[in-house]
Amino acid sequence: MDPFDAGAGGLLKQPKSVWATAGASVVAFMGIGLVDPILPSIAQGLDATASQVSLLFTSYFLITAVAMLVTGFVSSRIGGRRTLLLGLAFVVVFAGLAGTSGSVAELVGFRAGWGLGNALFVSTALAVIVGAAAGGSAAAILLYESALGLGMACGPLLGALLGDASWRYPFFGTAFLMAVGFLCIAVFLKEQPKPARKTSLLDPIKALGHGGLASAAVSAFFYNYTFFTVLAFTPFVLNMSPYRSGAVFFAWGVLLAVFSVIVAPRLQKRFGSLKVLGGSLVLLAADVLVLGYGSHTAAVVCTILSGAFIGVNNTVYTELALGVSDAPRPVASAGYNFVRWFAAAAAPFFAPKIEEWTDVHIPFVVAALTAIAGAAVVVVRRKALTLPQALDSARAGGTPTAEEPEPKHATEDGVTVFAN
């Protein structure tokens, strides 16, 4: 089945509840890149250094990582709909408070509360979309990746447009948009059936005992360090006005969306997930090296181009995390995200610190090395990641080999899962 088919079960033919959740997801992902164009403005407005302002990302993703252990615990007890609404409510409150901050410390603290709300929403949104979408997991994952790409593209643009007047306005704008998302979820999404078994706080950690899921999480950890070096540190290197920086990261986000939704599935169908992922990580490493050592024009071009590799990686990693183990999707997603978001917290903190200790080029050398490390994990642990290759064969209409066993389909909590 072509997930882009507008017929029943296609990407464009989904229930209102799915579109409401996906729409709110767009705004949630906008919050990640929202501060990119205004980081220099925030530093100037609050008389802060680059490393201090970068803590906006660190606090956000550190709380997000830890909260991943809580999301399944909460959603399995109060239901997916209420968890989404709770997460959105946290974002509305803390995004609004962020706009009133009088110091970097206050802003970092409010971003931490924002990260808690975003963790509750984003991890649950993926499970809700997969469970409610017509057409199975392929269409659902592409819809989720579409929301991610659109949000990552529009976030910097909104940040630039509102931030040109004041660095505070993008935070107020996000609070307003998330309030609209809250209303859409409240109106269009019916309560999802609660799982038969409640998730414990340790279930995501136990799920990482599966070699394939652990390998995907470790590889994604290294990749995310590269990803967020580009996202959080590059704006200081480019040193452009909010409008220009917003335009660069908007183009970056457009490439991310196109390659995650359109290009990645076609590459996977032709070459297989693991080859595509390894190759994309190596190309990303080369890209960030040129970004760090090239001219200003080359840095702009490579920043935009990195969106293509990041888009491919995001799609493949999501499929690996959800399909490589026999753990329920929400549990597998929580364990995987728990590991990888720590790198998203580390990169914004260490990149400017490394620049202070050495020079502006070395943070990109480190980012290139972490991308290579991610690719090395994929190569070394490829046997533990063979199940997605079987899914690739099925997607392409082929027959799995003896090394690529036919996945067994089971249904758990209304969501199709794959088991060895």
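Residues numbered from 1 in each chain as written. Predicted model: local features only at pLDDT ≥ 70, side-chain atom pairs only at ≥ 80, totals over all residues. Heavy atoms only, no water.

## A closer look at the confidence of the model for the protein chain
Okay, step 1: Chain-level pLDDT for the protein chain is 82 on average; 86% of the residues reach the 70-or-more range.
Okay, step 2: The element-level mean pLDDT for the protein chain is lowest in strand 2 (residues 415–419), coming to 31, with helix 14 (residues 362–380) highest at 97.
Okay, step 3: This model gives residues 392–420 a pLDDT under 50, and the stretch forms 55 contacts once residues within four places in sequence are excluded. (pLDDT = per-residue confidence, 0-100. Helix = DSSP H or I, 4+ residues; strand = E, 2+ residues; numbered from the N terminus. Contact = heavy atoms within 4.5 Å.)

## Considering the packing of helix 10 (residues 242–271) against helix 12 (residues 296–323)
Okay, step 1: Here helix 10 crosses helix 12 at 40°, and the two axes come no closer than 7 Å. In this view, helix 10 runs oblique relative to helix 12, as classed from their interaxial angle. You can see that helix 10 and helix 12 cross each other, and the crossing is right-handed. (Axes fitted to C-alpha atoms, helices over the stretch in contact; angles between N-to-C directions. Parallel < 35°, antiparallel > 145°, perpendicular 65-115°, else oblique. Left-handed = near helix turned anticlockwise from the far one by under 90°.)

## Considering helix 4 (residues 80–98)
Okay, step 1: Relative to the 27 Å expected for 19 residues at 1.5 Å per residue, helix 4 spans 27 Å between its end C-alpha atoms, a close match to the ideal helical length.
Okay, step 2: Of all the positions in helix 4, only Gly 80, Thr 83, Leu 84, Leu 85, Gly 87, Leu 88, Val 91, Ala 95, Gly 96 and Ala 98 are classed as buried.
Okay, step 3: Buried residues along helix 4 sit against helix 1 (16–33), helix 3 (50–78), helix 5 (104–132) and helix 7 (169–188). (Expected span 1.5 Å × (residues − 1). Buried < 20%, exposed > 50% of the residue type's maximum accessible area, 1.4 Å probe, protein only.)

## Re the nonpolar core
Okay, step 1: Ile 42, Phe 61, Phe 171, Phe 228, Leu 231 and Trp 252 are the most contacted members of the largest nonpolar core, which has 123 residues in total.
Okay, step 2: Considering every element that reaches this core, the biggest residue donor is helix 9 (residues 211–238), with 14 residues.
Okay, step 3: Those residues in contact with Phe 228, other than ones at most four positions away along the chain, are Ile 32, Phe 61, Phe 233, Trp 341, Ala 344, Ala 347 and Pro 348. (Core = buried A, V, L, I, M, F, W, Y, C linked by side-chain atoms within 4.5 Å.)

## Some words on the pattern of salt bridges
Okay, step 1: By the definition in use, this model includes one salt bridge.
Okay, step 2: A salt bridge links Lys 353 to Glu 356; the shortest N-O distance between them is 4.0 Å. Of the two residues, Lys 353 and Glu 356 both sit in helix 13 (residues 329–357), three residues apart, roughly one turn of that helix.
Okay, step 3: Overall, the relative accessible area of 23% leaves Lys 353 in the partly exposed class. (Salt bridge = Lys/Arg side-chain N within 4 Å of Asp/Glu carboxyl O.)

## Concerning the environment of Ala 371
Okay, step 1: Within the secondary structure, Ala 371 sits in helix 14.
Okay, step 2: For the pair formed by Ala 371 and Gly 278, sequence separation is 93 residues and the distance between their alpha carbons is 9.3 Å.
Okay, step 3: Leave out the neighbours within four places in its chain, and Ala 371 touches Phe 222, Thr 226, Leu 281 and Ala 285.

## Observations regarding the packing of aromatic side chains
Okay, step 1: Under the definition given, this model contains 17 aromatic pairs.
Okay, step 2: Among the aromatic residues, ring-to-ring pairing joins Tyr 60, Phe 61, Trp 114, Trp 167, Phe 171, Tyr 223, Phe 227, Phe 228, Phe 249, Trp 252, Tyr 317 and Trp 341 into one connected group.
Okay, step 3: One cation-aromatic arrangement involves Arg 77 over Phe 73; the distance from NZ or CZ to the ring centre is 3.7 Å.
Okay, step 4: Between Arg 340 and the ring centre of Trp 341, over which it is positioned, the NZ or CZ distance is 4.2 Å. (Phe/Tyr/Trp six-rings, centres within 6.5 Å; stacked < 30°, edge-to-face > 60°. Lys NZ or Arg CZ within 6 Å of the ring centre and 35° of its normal.)

## A short note on unusual backbone geometry
As a rule of thumb, non-glycine residues mostly have phi less than zero, and peptide bonds are mostly trans rather than cis.
Okay, step 1: Phi angles above zero are rare outside glycine, and Asp 47 is one such case at about 50°.
Okay, step 2: Looking at the element boundaries, Asp 47 is found in the loop between helix 2 (39–45) and helix 3.
Okay, step 3: At Asn 239, a residue that is not glycine, the phi angle is positive and equals roughly 50°.
Okay, step 4: Position of Asn 239 among the secondary structure elements: in the loop between helix 9 and helix 10.

## Describing the side chain of Thr 71
Okay, step 1: As for its placement among the helices and strands, Thr 71 is situated in helix 3.
Okay, step 2: Every residue in contact with Thr 71, bar those within four places of it in the chain, is listed here: Ala 119, Leu 120, Ser 123 and Ala 334.

## A short note on the packing of helix 1 against helix 5
Okay, step 1: Running from N to C, helix 1 and helix 5 point in directions that differ by 150°, and their axes come no closer than 10 Å. Compared by their axis directions, helix 1 and helix 5 come out roughly antiparallel. For the crossing formed where helix 1 meets helix 5, the hand is left-handed. Residues Ser 17, Val 18, Thr 21, Ala 22, Ala 24, Ser 25, Ala 28, Phe 29, Gly 31 and Ile 32 of helix 1 pack against Arg 111, Trp 114, Asn 118, Phe 121, Val 122, Ala 125, Val 128, Ile 129 and Ala 132 of helix 5.

## A short note on the environment of Val 301
Okay, step 1: You can see Val 301 is positioned in helix 12.
Okay, step 2: Taking the relative accessible area as the measure of exposure, Val 301 reaches 48% and is therefore partly exposed.
Okay, step 3: Sequence spacing of Val 301 and Val 290 is 11 residues, and the spatial spacing of their C-alpha atoms is 9.6 Å.

## Some thoughts on helix 7
Okay, step 1: Relative to the 28 Å expected for 20 residues at 1.5 Å per residue, helix 7 spans 29 Å between its end C-alpha atoms, a close match to the ideal helical length.
Okay, step 2: Along helix 7, the residues classified as buried are Pro 170, Phe 171, Gly 173, Thr 174, Ala 175, Met 178, Gly 181 and Ile 185.

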